[in-house]
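Here are the chains, one letter per residue:
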Amino acid sequence: MNTIQRIYKAAARAGLLRSVTLISPTRSSRTAWVEWRESDDSILHDLVLATEITITFPTIEMAEIRQGDAILADGKRYQVRDVRAIHDGSETRARLSPL
């Protein structure tokens with residue numbers, strides 16, 4: 001277990017992370033603890049508030065995540081819109097859309 005995994009495990013034990021399941025039509029499902037963020041952005045000249053959802057996690061936990069995959073969190077399904085390696089590649093950030 002590397003340092004980043006230890007940090008995420010400690011954060012999960014402290015209740016700071018959310019458990020999600022990666023659902024892929026071609027690969028087996030996988031559950032991981034992730035940092036979950038929701039931020040609101042104004043669009044259409046401030047007429048509509050859009051929520052952007054991002055998850056951040058150790059790359060090794062869900063290395064197979066791809067754009068178009070589904071994520072299940074708290075009984076709700078989300079579609080992966082974008083996947084990017086961050087920092088030194090030991091963490092991954094994915095943007096999600098509700099389904």
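Given the structure is predicted, the values throughout are model-derived calculations rather than measurements. (Residues numbered from 1 in each chain as written. Predicted model: local features only at pLDDT ≥ 70, side-chain atom pairs only at ≥ 80, totals over all residues. Heavy atoms only, no water.)

Caption draft 1: Examining the pairing of strand S5 (residues 76–86) more closely. Two elements, strand S4 (residues 70–73) and S5, share four bridges in a ladder whose sense is antiparallel. In the strand pairing of S5, Ala73 is matched with Lys76. Connecting the antiparallel pair S4 and S5 is a turn made up of two residues, with Asp74 showing a positive phi of about 50 degrees. Two elements, S5 and strand S6 (residues 91–98), share eight bridges in a ladder whose sense is antiparallel. (Pairing = 2+ DSSP bridges. Helix = DSSP H or I, 4+ residues; strand = E, 2+ residues; numbered from the N terminus.)

Caption draft 2: Local environment of the pattern of salt bridges. Per the counting criterion, the structure on display carries seven salt bridges. With its nearest N and O atoms 2.5 Å apart, the salt bridge here joins Arg37 to Glu35. You can call Glu35 partly exposed: its relative accessible area is 23%. The closest approach of N and O atoms between Arg95 and Glu52, which form a salt bridge, is 3.4 Å. Residue Arg95 is located in strand S6, and its partner Glu52 is located in strand S3 (residues 48–58); the two are separated by 43 residues in the primary sequence. Owing to a relative accessible area of 24%, Glu52 belongs among the partly exposed residues under this scheme. Several salt bridges share partner residues, and in doing so they unite Glu52, Arg81, Asp82, Arg84 and Arg95 into one network. (Salt bridge = Lys/Arg side-chain N within 4 Å of Asp/Glu carboxyl O. Buried < 20%, exposed > 50% of the residue type's maximum accessible area, 1.4 Å probe, protein only.)

Caption draft 3: Quick peek at helix H1 (residues 3–13). Turning to H1, its buried residues number three or more, namely Ile4, Gln5, Tyr8, Ala11 and Ala12. Angular distribution of buried residues about the axis of H1 spans 125 degrees; they occupy a single face of the element. Along H1, the residues that are exposed and aim more than 90 degrees away from the buried face are Thr3 and Arg13. With a side-chain oxygen positioned 3.2 Å from the backbone nitrogen of Ile4, the residue opening H1 is Asn2. Just downstream of H1 lies Gly15, where phi reads positive at about 80 degrees. (Arc of directions from axis to C-beta. Polar contact = N/O pair within 3.5 Å; in protein donor to acceptor, adjacent residues only side chain to side chain.)

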